[in-house]
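# Notes for the structure review
As a plain string of letters, each chain reads:
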Amino acid sequence: KWKAGSLITLPYFIPDFPPEAITSMIHFLPLTVLLLNLVFGPLCFFLLVAILNFTAVLFGGGNGLNRLGAVLGYGHFPFLFATAGIILTHCSFPNVTGMLILLAFLWSLSLKIVGLKQVYSFSWWMAVLVYFMPAISFLVAIVLFLLLAIVFLIPLIMQSTDVSSLLFIYVWTAKKQVYN
C-alpha cells in the first residue's frame, strides 16, 4: 500500500541498498541541490554570458561582455518574486506559485532581451533572434543528428535482420495459401 512519505517501492528498484540508507540520502537531497547550485551556478552563468556574447558578436554587435554579464545578472531578479509566491503558497494562498513563476519568467525574459538591445544597439527583432539563436541552433543540431542516425541506422537494421527476405517469405506463403 502507498502511504504518504513512505519509500516502500524504492528497495525493489535498488535492491542493494537498505531502506534506511535510501531515506537518509533523500534527507540530504536539498543540501546536495544547494551545493550543486553554489558550485555549478556561476559556471553556468558565465557559460550563458559567453554564448550570448559570441552570438551577439556574430550578428554584428560590438564588445559588450561586461555589460552583458550585468544585464543577465539583473535579469534574474524577477525570480525573487517567485520565491515569495512559494512562501505565500505555504501560508494560505493556493495556486499562486505557478502564476508568479510564469510572470517572473516572462519579466526576466523581457529584461534580458531589452538588455541585449541596449548593450549591442540591436533592433527588437535582432535582440530576440540573438537571445534565442543558441537554443534554436541546439534544437536544429539534435534534429539533424536524429535524422542522420535514422538514415544510417535503418539500412543497418534492415540488413542485419534481413527483413526483405522475411517479407518475401510471408508474401509467398500468403499467396500459396490463397491458391490452395
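Our structure's up above, just so we're on the same page.
The rules behind the values
Every chain begins its residue count from 1, and numbering advances along the sequence as written. Confidence filtering applies because this is a predicted model: local features only for residues at pLDDT of at least 70, side-chain atom pairs given and counted only at 80 or more, and all residues used for totals across whole chains, interfaces and linings. In computing side-chain properties, one takes all heavy atoms of the structure into account and sets aside hydrogens as well as water. Working definition: helices are DSSP H or I runs of at least four residues, strands are E runs of at least two. Numbering for both runs from the N terminus. The term nonpolar core refers to a set of buried residues drawn from Ala, Val, Leu, Ile, Met, Phe, Trp, Tyr and Cys, joined through side-chain atoms within 4.5 Å. A simple rule labels every residue: compare its accessible area, found with a 1.4 Å probe on the protein chains alone, to the largest value its type can have, and call it buried under 20%, exposed over 50%, or partly exposed in between. Contacts: residue pairs with any heavy atoms within 4.5 Å of one another. The directions considered for the arc run from the helix axis to the C-beta atoms. Only Phe, Tyr and Trp rings take part, Trp by its six-membered ring, and two of them pair if their centres are within 6.5 Å. Stacked means planes under 30 degrees apart, edge-to-face means over 60, and tilted covers everything else.

## Focus on unusual backbone geometry
At Ser121, a residue that is not glycine, the phi angle is positive and equals roughly 55°. Within the fold, Ser121 resides in the loop between helix 6 (97-120) and helix 7 (124-161).

## Considerations on the nonpolar core
Among the nonpolar cores identified, the biggest contains 15 residues, and Leu68, Leu116, Tyr120, Phe122 and Tyr131 are the most heavily contacted of them. Listed by contribution, the elements that provide at least two residues to this core are helix 3 (29-58), helix 4 (65-74), helix 6 and helix 7. In terms of residue count, the dominant contributor to this core is helix 6 (5 residues). Dropping the residues within four chain positions of it, Phe122 is found in contact with Ala56, Phe59, Gly60, Gly61, Leu116, Lys117, Ala127 and Val130.

## Let's talk about helix 4
Three or more residues of helix 4 are buried, namely Leu68, Gly69, Val71 and Leu72. Considered in projection along helix 4, the buried side chains sweep an arc of 165° and stay on one side of the axis. Exposed side chains of helix 4 directed beyond 90 degrees from the buried face belong to Asn66 and Tyr74. In this structure, the buried side of helix 4 is in contact with helix 3 and helix 6.

## A look at the packing of aromatic side chains
In the structure shown here, the tally under the stated rule is 4 aromatic pairs. Ring geometry for Tyr120 versus Phe122: centroids 5.7 Å apart, planes at 25°, classification stacked. A residue is classified by how much of its surface remains accessible, and Phe122, at 9% relative accessible area, is buried. Seen from their ring centres, Tyr131 and Phe132 are 5.3 Å apart, and the 85° between their planes marks the pair as edge-to-face. For Tyr131, a relative accessible area of 17% corresponds to the buried category.

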